[in-house]
Amino acid sequence: MKTRLSSLDIVALGFMTFALFLGAGNIIFPPQVGQGAGAEFWPAALGFLATGVGMPLAGIVAVAVIGGGLDKITSPLPKWAAAAFGVAIYLSIGPMFAIPRTGTVAFEMGMRPFINMTPQSGLALHSVLFFGIATLIALSPGKLMDVVGKWLTPLLIALLALIATFTIINPQGPLGPVSPEWAESPFMTGFQQGYLTMDALASMVFGILIVSAIKARGVTATADVTRYTLWAGAIAAICLAAVYLPLTYMGATSHALVTEAGKGELIPVYVEALFGDAGKLILALVITLACLTTAVGLLTSCGEFFNRLLPAVPYRALVVVMAIASALIANLGLAALISISIPVLVTLYPLVLVLTLLSYLRPHLHDAPRVFTWSLGLTLLVSLLDGFEASGIDTLMAISHRIEPLLPLASMNLGWLAPALMGLIIGLLTSRREQSNLDPELIRNS
C-alpha cells in the first residue's frame, strides 16, 4: 500500500478537482459578469472570485479539517435538519438544476452548430448521448481520477489556455460601459453572481470524492489525506481563477460584438471572432469536456449520497435514474433552468457559507450542536427572505421588502450576516452556561 502520492498523482488529483468544479456555470457566467461590469472589470471579477473560488476552496478545507464530507460536517445539527439540508444540497447540485444544466449548456454552446435538427429535437438527442456517456463513467467511481484527472482535464486546460491567451493578446474591443445595475457596487454584484456557479454547494460534496480518490491510491493516514486534499483544493482554486479572469475580461471587451447577450450567446460569438470557423470546434470541445467532467462528478456524488440515505437502492440504479431525470429536465432549456434555480441558490448559499465557517470553529466549541442550530437557524430565516426576493412572486417579494430593510448590510446582500453572528453568540452563551454547570474545570481551561 502507498503511504504517499507521487507528484504526478498530486497534479492529477488537483486537475480532477478542477474539472469537477469547472462545469456549465463556470463557463457562461464570468463573461456575463464582465459584460455587465465593463470598465469596473476588476472589482466585479474579484467579487466573483470571492464566491466562485474562495468559497469552494473554503469548503474543501472544511472537509479536510473535519475529515469527512457533508454528512460529517452537518452532524452537529438535529438528524432531521442535517438530512433535509443534505437532500436540498444534493438535489440542487444534482438532478434538479446543476446536472441538467451541464447537458443544456453543452448543447447550446458546444454542439448546436453541428447538429442539423430543430433545437428541440437536437437537445433531446444530445441529452440522451451526453448523459449516456456521463453515466458510463460515473458507474465506475474508483476510476474517476484516472479518467478525469489524467486524460480529460489536461486536454480541457490546453484548450482553455488557448482561448485565454488569444482573449488577452487580441481583445475584441476596449472595456465597455458599466451597466446601471453594476454601477453602484460592482464587487458585491459580482460576489452574488458567483453563487450561480453552485461551486460552494458542490465543494463539500466533491471534497469526499477527493478523499475517496486519495484513499483509493492506498493513502490512509489522516494527516496525509488532509494534506493531499488541501493540495488538490489549492491547485483547483488556481486553475479556476486562471479561467475566470480571462473569461470575465472577454465579457468586458465584448460590447462591440454583442450588445445584449443571451446566456449562451456571448462566448460563441467572441470565440468565433478570435479563431474564425475553427472557433466553433474549439468551443465545442471545451464546453463538452467541461460539462461532461462535472456531470460525471455530480452523478457520482449524488449517487453515493442517496445510496447512503436509501441503502436498499443500489448505487448504479440511482445513477441511472438521476441521469434519466437530468436528461428530461435538461430539455426545459437553459433560460428556464437558470431562472428556477436562482431563488434556491440565494437561499442555500448563506447557509453553506455559515456552515463552512462554523466547521473551522467546531474543534473549539464545547457544545457544537447548540451553536450550529442557533446560528444556522437564524441564518435560514433571512436567507429565505433573499429567496423570496429572487423568486419574482409578488406576494413573497412583498414580505421580503417589508423585513429586509430592517437588517444591517441588507443593501449589500449580506442581511444574513448579523443574524448568523447573533446565533453564534447565543449558542456560545447558552452552551457555556450549561457547560459551567456540568464541567467547571473544562470551562476554566478553555
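First, a word on what this report is: a plain description of the structure on this page. As the structure is a computational prediction, the values presented were derived from the model and not from experiment. (Residues numbered from 1 in each chain as written. Predicted model: local features only at pLDDT ≥ 70, side-chain atom pairs only at ≥ 80, totals over all residues. Heavy atoms only, no water.)

The N-to-C vectors of helix H11 (residues 199–216) and helix H14 (residues 278–309) enclose an angle of 90 degrees; their axes lie 10 Å apart at closest approach. Put simply, H11 runs roughly perpendicular to H14. Each of Val 205, Phe 206 and Leu 209 in H11 lies in contact with H14, whose residues at this interface are Gly 297, Leu 298, Thr 300, Ser 301 and Glu 304. Of the residues belonging to the contact of H11 with H14, the class tally is four nonpolar, three polar and one charged. (Axes fitted to C-alpha atoms, helices over the stretch in contact; angles between N-to-C directions. Helix = DSSP H or I, 4+ residues; strand = E, 2+ residues; numbered from the N terminus. Parallel < 35°, antiparallel > 145°, perpendicular 65-115°, else oblique. Contact = heavy atoms within 4.5 Å. Nonpolar A, V, L, I, M, F, W, Y, C, P; charged D, E, K, R; others polar.)

Overall, the coordinates contain eleven aromatic pairs when judged by the stated rule. Both rings, one in Tyr 90 and one in Phe 305, keep their centres 3.9 Å apart while their planes meet at 10 degrees; by these two values the pair is stacked. A residue pair is termed long-range when its members are at least 10 positions apart, and Tyr 90 in helix H5 (residues 79–96) and Phe 305 in helix H14 qualify at 215 residues. By relative accessible area, which is 1% here, Tyr 90 ends up buried. Here a set of aromatic residues connected by ring pairs shows up, and it is made of Phe 187, Phe 191, Tyr 195 and Tyr 349. Lying over the aromatic face of Tyr 228, Arg 227 brings its terminal NZ or CZ to 4.8 Å of the ring centre. (Phe/Tyr/Trp six-rings, centres within 6.5 Å; stacked < 30°, edge-to-face > 60°. Buried < 20%, exposed > 50% of the residue type's maximum accessible area, 1.4 Å probe, protein only. Lys NZ or Arg CZ within 6 Å of the ring centre and 35° of its normal.)

Now for the packing of H11 against helix H12 (residues 222–252). Two measures define how a pair of helices packs: the angle their axes make with one another and the distance between the axes. At a minimum axis distance of 10 Å, the contact between H11 and H12 shows a crossing angle of 135 degrees. When the axes of H11 and H12 are compared, the pair comes out oblique. When you trace H11 past H12, the crossing you get is right-handed. Residues Asp 199, Ile 210, Val 211, Ile 214 and Lys 215 of H11 form the contact with H12, whose own contacting residues are Val 225, Tyr 228, Thr 229, Ala 232 and Tyr 244. (Left-handed = near helix turned anticlockwise from the far one by under 90°.)

Leu 13, Leu 22, Ile 27, Ile 89 and Ile 93 are the most contacted members of the largest nonpolar core, which has 129 residues in total. Ignoring any residue separated from it by four or fewer positions in sequence, one finds Leu 22 in contact with Ile 27, Leu 156, Leu 160, Leu 240, Val 243, Ala 290, Cys 291, Thr 293 and Thr 294. (Core = buried A, V, L, I, M, F, W, Y, C linked by side-chain atoms within 4.5 Å.)

Turning to a nonpolar patch on the surface, a few remarks are in order. Together, Trp 42, Leu 46 and Phe 187 make up a nonpolar patch on the protein surface, roughly 310 Å² of accessible area in all. Mapped onto the elements of the fold, Leu 46 is located in helix H3 (residues 41–66). (Patch = residues over 30% accessible without salt bridge, like charges linked within 9 Å, V, L, I, M, F, W, Y side chains within 5 Å. Areas by Shrake-Rupley, 256 points an atom, 1.4 Å probe, with all protein chains shown as cover. Salt bridge = Lys/Arg side-chain N within 4 Å of Asp/Glu carboxyl O.)

On to the pattern of salt bridges, then. Tallying each qualifying case throughout the model produces four salt bridges. A salt bridge links Arg 370 to Asp 367, with the nearest nitrogen and oxygen atoms 3.2 Å apart. The buried category is assigned to Asp 367, whose relative accessible area is 14%.

Here we take up the environment of Phe 191. By secondary structure assignment, the location of Phe 191 is in helix H10 (residues 186–193). Note on Phe 191: relative accessible area 14%, which makes it buried. As for Phe 191 and Tyr 244, which are separated by 53 residues in sequence, their C-alpha atoms are 13 Å apart. Apart from residues lying up to four places away in sequence, Phe 191 is in contact with Gly 47, Phe 48, Ala 50 and Thr 51.

Now for the side chain of Thr 102. Its location among the elements puts Thr 102 in helix H6 (residues 98–111). Here the side chain of Thr 102 touches Ile 99 through a polar contact of 2.5 Å, landing on its backbone oxygen. (Polar contact = N/O pair within 3.5 Å; in protein donor to acceptor, adjacent residues only side chain to side chain.)

This brings us to the environment of Gly 69. Locating Gly 69 in the fold gives a position in the loop between H3 and helix H4 (70–73). In contact with Gly 69, other than residues within four places in its own chain, are Met 204 and Ile 208.

Moving on to the side chain of Thr 356. Position of Thr 356 among the secondary structure elements: in helix H16 (residues 334–361). Residue Thr 356 is classed as buried on the basis of its relative accessible area, which comes to 3%. Side-chain polar atoms of Thr 356 contact the backbone oxygen of Val 352, separated by 2.8 Å. Apart from residues lying up to four places away in sequence, Thr 356 is in contact with Ala 58, Gly 59, Ala 62 and Met 204.

It is worth spelling out the state of the cysteines at this point. On inspection of all chains with the given rule, the structure shows zero disulfides. Among the cysteines around Cys 239, which has no disulfide bond, Cys 291 carries the closest sulfur, lying 17 Å off. Take Cys 239: its relative accessible area is 16%, and that puts it in the buried class. The thiol sulfur of Cys 302 is not disulfide-bonded, and the nearest other cysteine sulfur, from Cys 291, lies at 16 Å. (Disulfide = S-S within 2.5 Å.)

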